[in-house]
Amino acid sequence: MQTKLKMTVAAAIAVVAGLASAQDMVVKIGHVAPMSGSQASYGKDNDNGVRMAIEDLNAQGVTIGGKKVRLEIQTEDDAADPKQGTAAAQKLCDAKVNGVVGHLNSGTTIPASKVYNDCGIPHITGAATNPDLTKPGYKTTFRVIANDSALGAGLALYAADALKLKKVAIVDDRTAYGKGVAEIFKKTAQSKGMQIVDEQFTTDKATDFMAILTTIKGKNPDAIFYGGMHPQAAPMLRQMEQLGMTNVKYFGGDGICTQEIIQLVQGAKTLGNVVCAEGGASLDKMPGGKAWKDRYDKKYPGQFQVYSPYTYDATFVLVDAMKRAGSADPKVYIPKLAESSFKGVTAQIAFEPNGELKNPAMTLYVYKDGKKVPLN
């Protein structure tokens, strides 16, 4: 009898606990990135950052407007394709998510930003870096990373001032990101007296660059700047080695500045000629970078690429604004989001009136002995 009573009490407690959790307000954070295709490693990394933030927030216990909240993620795959990106954004709008982290690529984020603006849901990107993203002035668009104006210019200044390079060839993949960062590099390089000896373009699906590189080799450049992502940069570096272009420096933005490129170059010595730039401080110099990375690696071994600390922070910034507003309704909390001053893992996060990050840092990296090493 006593055992039966104990079981009944335990069952009752479980039911009450179940009711309590069922009564928690659910807040949905949307996330969009390429979860399939050649850039899926970036997408997975970004997704991990959001999931880790949501787990941490749920463990802390979040209260918004006096109500206990349970955070959930809704991830959509845009496959780095602009049309799929706007479709994913519309899907999140239709699902009435409370906020969005994403997208990864500028080519998907820029068209998606209009969709979010039209449905009144804020999105924070921790990866898309084309300056055009914030030009429309949407009150729903925010970025927690330096844009290409900082990255492209920083690389060109390093090439001219530190390395004293005179001649550079430029290749881009025709995406919003690739063209944008290449254009800024070109303008800055020219302003420093560097000669642009050749300009070529490819696509973000290409793997054979022999014809382009052979043409460039004939112009005898000191360096190549590539505007694009690492799935193209890696075979390009391998083919540069095959063509004997082993003394040519290779510059690129955050799109090539990954861990995965180390494996993809398959031992090509030209990896040692790479100089790439990322928005933000190096992990060791981020306020909470090193401890955060240790936790990430335990949770997601071997999956870190570049942007997950930024998507982690973006998730916290959205929820912080909701808490300060006392509401998860985007209409109510967007003004508080614009006024953010949040101590994140990556930086102290505050926004300019156009949604750009205030005082963004930038770090240059090289690859030494198969490792990515910060220069500054």
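Just so it is clear, the structure is predicted and the values come from calculations on it, not from any experiment.

Student: Is there a simple way to think about the overall build of the protein in this case?
Tutor: If you tally the helices and strands in the protein, you get twelve helices and 15 strands. Whereas a compact globule of 376 residues would reach a radius of gyration of roughly 21 Å, the protein reaches 23 Å, a difference of no more than 12%. If you line up the protein on its principal axes, its C-alpha atoms span 90 × 45 × 35 Å. Buried positions account for 55% of the 376 residues belonging to the protein. A sequence separation of at least 24 residues applies to 71% of the contacts in the protein between residues at least 6 apart. On the protein, roughly 15800 Å² of surface is accessible, and the fraction owed to carbon and sulfur atoms is 54%.

Student: Explain the domain arrangement of the protein here, please?
Tutor: Frequently, the measure chosen for interface size is the accessible area removed from exposure when the parts meet. Here the protein is partitioned into domain 1 (25-146 + 285-361) and domain 2 (149-279). Each of domain 1 and domain 2 was reduced to a C-alpha centroid, and the two centroids are 29 Å apart. Each partner contributes residues to the interface: domain 1 has 21 residues there, and domain 2 has 20 residues. Of the roughly 1500 Å² buried between domain 1 and domain 2 on both sides combined, carbon and sulfur atoms contribute 53%. At the junction of domain 1 and domain 2, the tally comes to zero salt bridges. Put simply, domain 1 and domain 2 have seven residue pairs in polar contact (both at pLDDT 80 or more) between them. For the side of domain 1 that touches domain 2, the secondary structure elements donating two or more residues are helix H2 (40-60) and helix H4 (106-119). No other element matches the three residues that H4 contributes to the side of domain 1 that touches domain 2.

Student: Would you take a moment to explain H4 for this structure?
Tutor: It helps to recall that an α-helix has 3.6 residues per turn; residues three or four apart then point in one direction. In a regular helix each residue adds 1.5 Å, so 14 residues correspond to 20 Å; H4 covers 20 Å between its end C-alpha atoms and thus fits that length. In H4, a bend of some 30 degrees at Ala 112 exceeds every other bend along the element. When H4 is considered as a whole, its buried residues turn out to be Ser 106, Gly 107, Thr 108, Thr 109, Ala 112, Ser 113, Val 115 and Tyr 116. Among the structural elements, strand E1 (25-33), helix H3 (82-94), strand E4 (99-101), strand E5 (123-125), strand E6 (141-143) and helix H6 (176-191) are those in contact with the buried residues of H4. One or two positions beyond H4, positive phi appears at Gly 120, with a value near 75 degrees.

Student: How should I be thinking about the sheet that holds strand E15 (residues 371-374) in this particular structure?
Tutor: Adjacent strands of a sheet form backbone hydrogen bonds with each other and so pair up, either parallel or antiparallel. Spatially, the seven strands line up as an open sheet ordered E8-E7-E9-E10-E11-E14-E15, and their pairing is mixed. Each edge of the sheet is formed by a strand with only one pairing partner; in this case those strands are strand E8 (195-201) and E15. Pairs of neighbouring strands in the sheet enclose a mean axial angle of 25 degrees, with direction left out of account. Docked against the sheet, helix H7 (residues 210-217) engages strand E7 (167-172), E8 and strand E9 (223-227), running at close to 165 degrees with respect to E8.

Student: Whenever I open this one, the pairing of E9 confuses me. Can you help?
Tutor: In the case of a regular strand, side chains alternate between the two sheet surfaces. Judged by how many residues are buried, E9 sits mostly within the fold: five of five residues are covered. Side-chain alternation along E9 places Ala 223, Phe 225 and Gly 227 on one buried face and Ile 224 and Tyr 226 on a second face that is also buried. Judged from the four bridges that link them, E9 and strand E10 (residues 249-252) form a sheet pairing that is parallel. Directly across from Ala 223, in E10, lies its bridge partner Lys 249.

Student: Before we go on, may I ask you to explain the confidence of the model for the protein in this structure?
Tutor: Caution applies to low-pLDDT parts of the model: their predicted coordinates are not meant to be read in detail. Across the protein, pLDDT averages 93, with 94% of residues at or above 70. Segment residues 1-7: pLDDT under 50, and zero contacts once partners within four positions in sequence are set aside and those in other chains are kept. Below a pLDDT of 50 lies the segment residues 12-21, which in the model reaches one contact outside its immediate sequence neighbourhood of four places, other chains included.

Student: How should I be thinking about the packing of H2 against helix H11 (residues 308-325) in this particular structure?
Tutor: The packing of two helices is summarised by the inter-axis angle and the distance between the axes. At a minimum axis distance of 7 Å, the contact between H2 and H11 shows a crossing angle of 40 degrees. In terms of orientation, H2 and H11 fall into the oblique class. Once H2 is placed against H11, the crossing between them reads as right-handed. Of the residues in H11, those in contact with Asp 45, Asn 46, Gly 49, Val 50, Met 52, Ala 53, Ile 54, Asp 56, Leu 57 and Gln 60 of H2 are Ser 308, Thr 311, Tyr 312, Thr 315, Phe 316 and Val 319.

Student: Looking at this structure, how should I read the UniProt feature "domain: Leucine-binding protein" (unreviewed entry) in the protein?
Tutor: Here, UniProt's "domain: Leucine-binding protein" (unreviewed entry) annotation points to residues 27-370. Along residues 27-370, the helical share is 42% and the strand share 20%, with 42 Å between the first and last C-alpha atoms.

Student: Before we go on, may I ask you to explain the environment of Ile 170 in this structure?
Tutor: Its location among the elements puts Ile 170 in strand E7. Judged by relative accessible area, Ile 170 falls into the buried class, the value being 3%. Between the C-alpha atoms of Ile 170 and Cys 257, which are 87 residues apart in sequence, the distance is 17 Å. If near-sequence neighbours (up to four positions away) are discounted, Ile 170 is found in contact with Ala 182, Phe 185, Lys 186, Ile 196, Asp 198, Glu 199, Gln 200 and Phe 225.

Student: Honestly, the side chain of Glu 76 in this entry has me stumped. Any pointers?
Tutor: Tracing the sequence through the fold places Glu 76 in strand E3 (residues 67-77). Under the relative-accessibility criterion, Glu 76 is labelled buried at 11%. Among the polar contacts listed, one links the side chain of Glu 76 to the side chain of Gln 74, at a separation of 3.1 Å. Excluding residues within four positions of it along the chain, Glu 76 makes contact with His 31, Val 32, Ala 33, Met 35, Ala 88, Lys 91 and Leu 92.

Conventions and cut-offs
Residues numbered from 1 in each chain as written. Predicted model: local features only at pLDDT ≥ 70, side-chain atom pairs only at ≥ 80, totals over all residues. Heavy atoms only, no water. Helix = DSSP H or I, 4+ residues; strand = E, 2+ residues; numbered from the N terminus. Rg over C-alpha atoms; globule rule 2.2 N^0.38 Å. Buried < 20%, exposed > 50% of the residue type's maximum accessible area, 1.4 Å probe, protein only. Contact = heavy atoms within 4.5 Å. Areas by Shrake-Rupley, 256 points an atom, 1.4 Å probe, with all protein chains shown as cover. Domains from an automatic or database assignment. Buried area = accessible area lost by both parts, 1.4 Å probe. Salt bridge = Lys/Arg side-chain N within 4 Å of Asp/Glu carboxyl O. Polar contact = N/O pair within 3.5 Å; in protein donor to acceptor, adjacent residues only side chain to side chain. Expected span 1.5 Å × (residues − 1). Bend = angle between axes of the 7 residues up to and from the residue. Pairing = 2+ DSSP bridges. Axes fitted to C-alpha atoms, helices over the stretch in contact; angles between N-to-C directions. pLDDT = per-residue confidence, 0-100. Parallel < 35°, antiparallel > 145°, perpendicular 65-115°, else oblique. Left-handed = near helix turned anticlockwise from the far one by under 90°. UniProt positions renumbered as here; feature names shortened; annotations may be inferred.

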